[in-house]
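Topology and contacts: notes
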Amino acid sequence: MGRLDGKVIVLSAAAQGIGRAAAIAFAKEGAQVTATDINGEKLRELEGVEGIRTKVVDVTKKDQVEALAKEHDRIDVLFNVAGFVHHGTILDCEEADWDFTMNVNVRSMYLMCKAFLPKMLAKKSGNIINMASVASSIKGVVNRCVYSTSKAAVIGLTKSIAADFIDQGIRCNCVCPGTVDTPSLRGRIQAQPNPEQVLLTLTYLFSQS
């Protein structure tokens, strides 16, 4: 018997990194997991895991999010993981970078919460988890201007939903991790002029924490 037996969980960005790890962990505890991502090829790697159903969904697209919600009669946990990390100061951030980041990091969570929250309210129970970051309103981080701004917005969105619906049995929290060794991080390291030095520096910092 798992601690989440019978629970219905939907999460985004499940093809790799934190989303993938969370999907597998939820399933191991007995939950019925709908794991979504835009990367269908990577997502298929989860199809053999008991308890996980995969579906390719672009959570920035309202029609796709609403169609996903209609497939679920009920939901216990919504975990919004999808995000994008832009590197640079405000001077390096073009309008297209700003719009893309806000769309992926904030608007997607707005769409998902709005689509699934009514199902939670119907049974007066539910848990929404939004992925934020220490790079947000918590801490200023070098070369993370629009990313930090978007994650600060996620914290604000989370607090708003929590305050509005706590009396109706809904919990809404955000996770604010620091640097995590994921494929996304590895990709950003490889994009640097000196990836080996960056990796050594991060390894040292991790060892000191």
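Description of the structure in this document. (Residues numbered from 1 in each chain as written. Predicted model: local features only at pLDDT ≥ 70, side-chain atom pairs only at ≥ 80, totals over all residues. Heavy atoms only, no water.)

Observations concerning the side chain of histidine 72
Basically, it comes down to this: Secondary structure follows DSSP: runs of H or I at least 4 residues long count as helices, runs of E at least 2 residues long count as strands, and numbering of each begins at the N terminus. Think of it in three bands: with a 1.4 Å probe and only protein chains considered, a residue is buried below 20% of the maximum accessible area for its type, exposed above 50%, and partly exposed in between. As used in this structure description, the phrase polar contact means that two N or O atoms lie within 3.5 Å; if the pair is within protein, one of them must be able to donate a hydrogen and the other to accept it, and residues adjacent in sequence are counted only when both atoms belong to side chains. A contact between two residues is defined here by any heavy atoms of the two lying within 4.5 Å.
Checked against the element boundaries, histidine 72 lands in the loop between α3 (62–70) and β4 (77–80). Judged by relative accessible area, histidine 72 falls into the buried class, the value being 7%. There is a polar contact of 2.9 Å between the side chain of histidine 72 and the backbone oxygen of leucine 68. Sequence-distant contacts of histidine 72, that is, excluding residues within four places in its chain, are made with Val8, Val10, Thr34, Arg53, Phe116 and Lys119.

A closer look at the environment of glutamine 16
Inspection of the secondary structure puts glutamine 16 in the loop between β1 (8–11) and α1 (17–28). In the structure, glutamine 16 is positioned 30 residues away from leucine 46 in sequence and 9.7 Å away in space, judged by C-alpha atoms.

As for the pattern of salt bridges
Pairs can form between side chains of opposite charge whenever their charged atoms are close. Our working definition: A side-chain nitrogen of Lys or Arg and a carboxyl oxygen of Asp or Glu constitute a salt bridge if their distance falls within 4 Å.
Evaluated as defined, the whole model comprises seven salt bridges. For the salt bridge of arginine 74 with aspartate 76, the shortest nitrogen-to-oxygen distance reads 2.7 Å. Taking relative accessible area as the criterion, arginine 74 reaches 35% and is therefore assigned partly exposed. In this structure aspartate 76 comes out as buried when scored by relative accessible area, which is 9%. Several salt bridges share partner residues, and in doing so they unite Arg20, Lys42 and Glu45 into one network.

Overview of the packing of aromatic side chains
Using the following cut-off: Between rings of Phe, Tyr and Trp, where Trp is taken as its six-membered ring, a pair exists when centres lie within 6.5 Å; planes separated by under 30 degrees are stacked, by over 60 edge-to-face, and by other angles tilted.
Scanning the entire structure with this criterion turns up two aromatic pairs. With 6.4 Å between their ring centres and 75° between their planes, phenylalanine 26 and phenylalanine 79 make a pair best called edge-to-face. Here phenylalanine 79 lies in strand β4 and phenylalanine 26 lies in helix α1, a separation of 53 residues in the sequence. The two residues phenylalanine 26 and phenylalanine 79 agree in class, both being buried. Considering the side-chain rings of phenylalanine 84 and phenylalanine 100, the 5.0 Å spacing of their centres and the 85° angle between planes classify their relative orientation as edge-to-face. A residue pair is termed long-range when its members are at least 10 positions apart, and phenylalanine 84 in the loop between β4 and α4 (95–122) and phenylalanine 100 in helix α4 qualify at 16 residues. Looking at phenylalanine 100, the relative accessible area reads 43%, which means it is partly exposed.

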